[in-house]
Amino acid sequence: MGYGNLTEFILLGLFHNEDAKAICSVLFLFCYLATLCGNLVVVLTIRCSHLSDHPMYFFLSYLSFMDVCFTSTVAPKLIIDFLVQCNTISYNGCIAQMFSAHFFGATEIFVLVVMAYDRYVAICRPLYYMITMNRSVCYILVTVSVSGAFMHSLLHVLIVIRLPFCDTNEIDHYFCDIFPLLKLACTDTKFLTLIVITTTGVLSILTFVALVISYIVILSTLKNCSSKGRHKALSTCGSHITVVFMFFLPLIFTYVPMRDSVGDDKVFALFYTMIAPLFNPLIYTLRNTDMKNAMKKVWCQEKVFERK
């Protein structure tokens, strides 16, 4: 336990309107179940088809799995708080939730960077693609992503467990995050806030800018491709770019605070913890012919076997 006598925190949630909580609990439960089903379908489709041999879909399966894990660190507690008005969380539970959220979120960021690199090699260096992105390299890139996310999350935990908490234990948020916890500390946290902004906010901005530039470079090379190749590359990169914008923009607005506005932070956090993971399966499948064909093959075959 950190300094002070606190054993639990009270999560104030998204809002204080009691009448809307019942409706929101049903809405968020539906969104959470849809997120689980959509992303697990993507993971199982890739794992049970020939797509698992392709690096792009290998990384996509990990991204979808991270979406499931990331949302599961936040959504169940949020839904329970709406339903039974049990908005307390233990000190250790709060630390675990913060670590998990940052770990899975950071892993997503690194996997998105890896996916951009994969598309760069595939489109700009196609002759060297299978050599450069062999299975061993893919496993190394995923391992590096997970390791980097672990170090990032551990840093945040080390910051929080050293904080002295006094009398106030109300967190003005719907899950335990670093900024709301820093605001509860009864000590000067300006330096620690600067560390968080640097390690999370500035890093998010730099990563976002690097990803956008990389996709601009990739798209600029499409003029040398055939019409069919150009259309396929545009479809694939378009999906990646959409996900990057949906995930990074709310993240940047959250961790690079322009003013003291917790209400806005909660809305922005809702985008990257609930909304982006919900739409990612749709974004990656609706315009992807390979995914749609693989889904028909995998899931239609299972239905045929069940009938037999």
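Once a new chain begins, its residue numbering starts again from 1 and follows that chain's sequence as written. The predicted origin of the model limits local features to residues at a pLDDT of at least 70 and limits the giving and counting of side-chain atom pairs to 80 or more, whereas totals for whole chains, interfaces and linings rest on all residues. Just so you know, side-chain values use all the structure's heavy atoms and leave hydrogens and water out.

1. What about the overall build of the protein chain?
Part 1 of the reasoning: Helix and strand counts for the protein chain come out as eleven helices and three strands.
Part 2 of the reasoning: Numbered from the N terminus, helices here are DSSP runs of H or I no shorter than four residues, and strands are runs of E no shorter than two. Counted from the first residue to the last, the protein chain has its helices and strands arranged as β-α-α-α-β-α-α-α-β-α-α-α-α-α.
Part 3 of the reasoning: Partly exposed describes any residue whose relative accessible area lies between the buried limit of under 20% and the exposed limit of over 50%, with all areas from a 1.4 Å probe on protein chains only and scaled to the type maximum. Taking all 308 residues of the protein chain together, the buried fraction comes to 48%.
Part 4 of the reasoning: In the protein chain, the proportion of contacts linking residues at least 24 apart, taken out of those at least 6 apart, comes to 77%. The criterion used for residue contact is that any of the two residues' heavy atoms lie within 4.5 Å.

2. Points about the sheet that holds strand β1 (residues 8-11)
Part 1 of the reasoning: Spatial strand order, β2-β1-β3: three strands in an open sheet with mixed pairing. Both outer strands of the open sheet, β2 (88-90) and β3 (170-171), are each paired with one neighbouring strand and no more.
Part 2 of the reasoning: Axis lines are fitted through C-alpha atoms, for helices just across the contact stretch, and the angle between N-to-C directions can take any value from 0 to 180 degrees. Packed on one face of the sheet, helix α4 (residues 91-124) meets β1, β2 and β3 and runs near 90° to β2. Two strands qualify as a pair provided that DSSP identifies no fewer than 2 bridges between them.

3. With respect to a nonpolar patch on the surface
Part 1 of the reasoning: On the surface, a cluster of nonpolar side chains totalling about 430 Å² of accessible area is made up of Phe-150, Met-151, Leu-154, Leu-158 and Ile-161.
Part 2 of the reasoning: By secondary structure assignment, the location of Leu-154 is in helix α6 (residues 135-161).
Part 3 of the reasoning: Relative accessible area serves as the criterion here: at 30%, Leu-154 is assigned to the partly exposed category. Two distance rules govern patches: like charges are joined within 9 Å, and nonpolar side chains (Val, Leu, Ile, Met, Phe, Trp, Tyr) within 5 Å, applied only to residues with over 30% relative accessible area and no salt bridge. Per-residue and other accessible areas follow the Shrake-Rupley method at a 1.4 Å probe size, with only the shown protein chains counted as cover for residues. Any carboxyl oxygen of Asp or Glu within 4 Å of a side-chain nitrogen of Lys or Arg constitutes a salt bridge here.

4. Overview of the packing of aromatic side chains
Part 1 of the reasoning: Between 30 and 60 degrees the pair is tilted, below 30 it is stacked and above 60 it is edge-to-face, where a pair is any two Phe, Tyr or Trp rings, Trp via its six-membered ring, whose centres lie within 6.5 Å. All told, the structure shown has 18 aromatic pairs when counted by the stated rule.
Part 2 of the reasoning: For the pair Phe-9 and Phe-165, a centre-to-centre distance of 5.5 Å together with 80° between the ring planes defines the contact as edge-to-face. Highlighted residues: Phe-9 in strand β1 and Phe-165 in the loop between α6 and β3, separated in sequence by 156 residues.
Part 3 of the reasoning: Phe-9 sits in the buried class, given a relative accessible area of 1%.
Part 4 of the reasoning: For the pair Phe-253 and Phe-268, a centre-to-centre distance of 5.1 Å together with 20° between the ring planes defines the contact as stacked. Of this pair, Phe-253 sits in helix α9 (residues 227-255) while Phe-268 sits in helix α10 (residues 262-286); the two residues are 15 residues apart in sequence, bridging distant segments of the chain.
Part 5 of the reasoning: Here a set of aromatic residues connected by ring pairs shows up, and it is made of Phe-70, Phe-208, Phe-245, Phe-247, Phe-248 and Tyr-272.

5. Section: the pattern of salt bridges
Part 1 of the reasoning: Enumeration over the complete set of coordinates arrives at three salt bridges.
Part 2 of the reasoning: The partner of Asp-172 in a salt bridge is Lys-266, and the shortest N-O contact between them spans 3.0 Å. Residue Asp-172 is found in the loop between β3 and α7 (178-184), and its partner Lys-266 is found in helix α10; the two are separated by 94 residues along the sequence.
Part 3 of the reasoning: Judged by relative accessible area, Asp-172 falls into the partly exposed class, the value being 32%.
Part 4 of the reasoning: By relative accessible area, which is 6% here, Lys-266 ends up buried.

6. Some thoughts on the state of the cysteines
Throughout this description, disulfide means a covalent bond between two cysteine sulfur atoms.
Part 1 of the reasoning: A pair of cysteine sulfur atoms is labelled a disulfide when the two atoms are within 2.5 Å. With the rule as written, the count across this model stands at one disulfide.
Part 2 of the reasoning: Linked covalently through their sulfurs, Cys-94 and Cys-176 form a disulfide whose S-S length is 2.1 Å. Residues Cys-94 and Cys-176 share a disulfide whose torsion about the S-S bond is about -120°; that sign makes it left-handed. In this pair, Cys-94 sits in helix α4 while Cys-176 sits in the loop between β3 and α7, placing the two residues 82 residues apart along the sequence.
Part 3 of the reasoning: Just so you know, Cys-31 is unpaired, no disulfide at all, and the nearest cysteine sulfur is the one on Cys-24, 9.9 Å from it.
Part 4 of the reasoning: Owing to a relative accessible area of 16%, Cys-31 belongs among the buried residues under this scheme.

7. Some remarks on the nonpolar core
Part 1 of the reasoning: The set of buried Ala, Val, Leu, Ile, Met, Phe, Trp, Tyr and Cys residues whose side-chain atoms join them within 4.5 Å is what this entry labels a nonpolar core. Core analysis: the biggest nonpolar cluster contains 90 residues, and Phe-9, Phe-28 and Phe-165 have the highest contact counts within it.
Part 2 of the reasoning: With 18 residues, the single largest contributor to this core is α4.

8. Quick look at helix α8 (residues 190-220)
The periodicity of an α-helix, 3.6 residues per turn, causes residues three or four positions apart to be oriented the same way.
Part 1 of the reasoning: Expected span of a helix: the number of residues minus one, times 1.5 Å. With 31 residues, α8 ought to run about 45 Å at 1.5 Å a step, and its terminal C-alpha atoms sit 43 Å apart, in line with that.
Part 2 of the reasoning: Considering bend angle alone, the principal kink of α8 is centred on Ile-197 and spans about 35°. Fitting axes to the seven residues that end at a residue and to the seven that start at it, the angle between those axes gives the bend at that residue.

9. Brief notes about the side chain of His-240
Part 1 of the reasoning: Topologically, His-240 is positioned in helix α9.
Part 2 of the reasoning: Side chain to side chain, His-240 and Tyr-284 meet in a polar contact 3.5 Å long.
Part 3 of the reasoning: Setting aside residues up to four positions removed in sequence, His-240 forms contacts with Met-56, Met-115, Arg-119, Tyr-215 and Tyr-284. N or O atoms within 3.5 Å of each other form a polar contact, as long as, within protein, one can give a hydrogen and the other can take it, and as long as residues adjacent in sequence are counted only when both atoms are side-chain atoms.

10. Re the UniProt feature "transmembrane region" (unreviewed entry) in the protein chain
Part 1 of the reasoning: UniProt positions are given in the numbering used here, feature names are shortened, and annotations may be inferred rather than shown by experiment. Mapped onto the present numbering, the UniProt feature "transmembrane region" (unreviewed entry) falls on residues 20-44, 56-75, 95-117, 137-161, 191-222, 234-255 and 267-286.
Part 2 of the reasoning: What you have in residues 20-44 is 100% helix and 0% strand, and the ends, taken at the C-alpha atoms, are 36 Å apart.

11. Regarding the pairing of β1
Part 1 of the reasoning: Alternating positions in β1 separate cleanly, Phe-9 and Leu-11 being buried on one face and Glu-8 and Ile-10 remaining unburied on the opposite face.
Part 2 of the reasoning: The pairing of β1 with β2 spans three bridges and is antiparallel. Note on β2: the bridge partner recorded for Phe-9 is Ile-89.
Part 3 of the reasoning: One ladder, built from two bridges, connects β1 with β3; its direction is parallel.

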